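# Chain and residue survey
Each chain, written out:
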Amino acid sequence: MKSDFKFKEYEIIKKEEINSDIVLFELKGKFNFSPGQFVQILLDHYGEATFAPCSDTNNKKTFQIAVRACGNVSKQIVKLLPGNKIKIRGPYGNGWPIAKLLGKNVLIIAGGMGLVPMRPLIIEMLRYKEEFKKINLVSAFKTDAYIIFKDDLQAWSKKINLDLYCENVGHTDIAKKGMITEPLKDLKLDKNTVVVICGPEVMLKFCNEILLKKGIKKENIYISFERRMECGIGLCQHCNIGKYLVCKDGPVFPLNKIEKELSK
Amino acid sequence: MKTKITTHQLNFLLEYILANFETYGPRKIEGKLTFVKIDAPNNLDLSGRKTPLSFKKILTPNKIDAQEIITDRKIAFLALPDCDVKALEILLNQFPEGVRPKKENILVMGVTCRPDKFCFCDKFDQKKPFWDLFLEEAGADFNLYGNSILAKKILDKTGIKYSPGELKNKKNDAEIFDQDELKNLIGNREKNLDFWQGIADNCFGCGACTTVCPLCFCTRQEIYNKLDGSCTQCLNWDSCFAKRFSEVQNHYDLRPENVDRLYNWYHHKFVRAKEKNGDALCTGCGRCISACPANLNINLILKSLIERNKDEK
């Protein structure tokens, strides 16, 4: 028997540069995943890194991966061109708990690249829009140059309530100026609203404070965590939050389950 | 029940094992005991003393090619002391099938252990024996105990009578650590913040303990480039005391201080592993104590943690 580190090769068919840092790759082939799961990408000679597929889960011909150049591996991955191949293994982890969102008001909070694992979820939710009550999307970026999926956001804004904010607004008028917490403070939320959050670690604390003040239950706040992944299959022990392994038990945790472990 | 065998019979048994298994055990090389491959019966050291590195270096070797982890190896580990037999059982429980060798393919032979001054395995519960064969010195001869179908098969082949039996537990005068108590005490970090800080202030964070511990198995991936243009993806031993162990993008370290990493080590061993698989990742072999350059003693640390919280009650 051979090891679990089996990769499958996919060919890049389209590359879109969102800005100097962020690149969106479209890969040929069918990739089965559920929204919120992650994959490991191996780049020969450089190493492995963790990414989230961000396209429609129903697309049987292609799928997309957004890469931000900020580490040794991702800085090299963004240099790849259409025609090159990418080695992928996965998907790993448990995705967003879509069953728990059915029939409820849903608030989606995405900070920066946190919008990436949210995109398949939003697409899925819009497909079955009548199954959910009201959908709110709050998203914020550093500057408007960092806004990803601009076309999608504009299309979504017609169907759901979208609050788009940037810390520094440049030349566009699609985003308002402010931190992600600004729109959260003003939002009127029903107490049974289910919240899904993905974003940088610092953002989580401030968002949770506001949400809890508004009376939202801890078990209704789902957070997708980012941790260092070396294996994705529960071997390497790098990604633990307290007693949970993000790769096997997560990456999505309800706040009541993970809250106590965050300080460990 | 036991079978008395002579040295001659033992050699015959070992020859058989050597011929049918990849055999590893303690061997004295230039006066030093090391855990290596055994190729002749008289190379095996039956003294029951611990080797500085355990079976870990055979089961989860450093720099192993991630694509080449073979799980159907037939391995025999001979002359393991009690704590290592137990550690082997716990280690095999940690991994899902298909990642590490299966128990059915591993032959374990225990021997009467000879504790050194750092051993504190008597403070842990003695469980049902995990060994297949157990060897006990009895004057010039040996007593042999069997405990599995694999052992019976081997003994049948070598013409030695198989007598199933369990060893009588050694008399245990030491106070046993209450593992649930330890789990609760270590799990509550806020209550003992200054305690962990005090230990971390003395710890160099060198990771020697994680290297010698038979139950530390963190890995990190590294790519090795070859001259012919190809590369291999290897799993290297990692230490949770390493500074960038929990670093994510943009050099954001989730465990920036040594105390965070030290606490994580104890938390994994006594809380996370206990909850996940029912066993703490410590058998009291004392290797980390003898390896620590700062003279930190896990035995005393656990003891003082318990005592400190007793006072507060």
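It should be emphasised that the depicted structure is a prediction, and the values quoted were computed from it without experimental measurement.

## Here's the deal with the overall build of chain B
The number of helices and strands found in chain B is 10 helices and 12 strands. Its C-alpha radius of gyration of 21 Å places chain B within 12% of the 20 Å reference for a compact globule of 313 residues. Overall, the C-alpha framework of chain B stretches about 60 × 60 × 35 Å when taken along its three principal axes. Looking at chain B as a whole, 38% of its 313 residues qualify as buried. Residue pairs at least 24 apart in sequence account for 69% of intrachain contacts in chain B once pairs closer than 6 positions are excluded.

## Some words on the sheet that holds strand β10 (residues 176-177) of chain A
Residues and elements named next belong to chain A. Strands sit in the order β10-β9-β8-β7-β11-β12-β15 across an open sheet of seven strands; the sheet is mixed. The strands lining the two open edges of the sheet, one partner per strand, are β10 and β15 (252-254). When strand β9 (residues 161-168) meets β10, the two strands line up parallel, connected through two bridges. Each residue of the ladder has a partner; that of Tyr165, found in β10, is Lys176.

## Describing the nonpolar core
With 155 residues, the main nonpolar core has Ile108(A), Val195(A), Ile197(A) and Ile223(A) as its most contacted residues. It is helix α8 (residues 258-277) of chain B that provides the largest number of residues to this core, a total of seven residues.

## Some words on the interface of chain A and chain B
Frequently, the measure chosen for interface size is the accessible area that the parts lose on association. If you look at the interface, chain A gives 26 residues, while chain B gives 30 residues. In terms of residue class, the side of chain A that touches chain B is built from eight nonpolar, nine polar and nine charged.

## Comments concerning the domain arrangement of chain B
Residues and elements named next belong to chain B. Once the domains are mapped, chain B shows domain 1 (3-158) and domain 2 (179-312). The centre of domain 1, based on its C-alpha atoms, is set 26 Å off from the matching centre of domain 2. Domain 1 puts 28 residues into the contact, and the matching count from domain 2 is 22 residues. Tallied by class, residues from the side of domain 1 that touches domain 2 come to 14 nonpolar, six polar and eight charged.

Parameters at a glance
Residues numbered from 1 in each chain as written. Chains lettered and ligands numbered in written order. Predicted model: local features only at pLDDT ≥ 70, side-chain atom pairs only at ≥ 80, totals over all residues. Helix = DSSP H or I, 4+ residues; strand = E, 2+ residues; numbered from the N terminus. Rg over C-alpha atoms; globule rule 2.2 N^0.38 Å. Buried ≥ 20, exposed ≤ 12 C-beta atoms within 10 Å, placed from the backbone. Contact = placed C-beta atoms within 7 Å. Pairing = 2+ DSSP bridges. Core = buried A, V, L, I, M, F, W, Y, C linked by C-beta atoms within 7 Å. Nonpolar A, V, L, I, M, F, W, Y, C, P; charged D, E, K, R; others polar. Domains from an automatic or database assignment.

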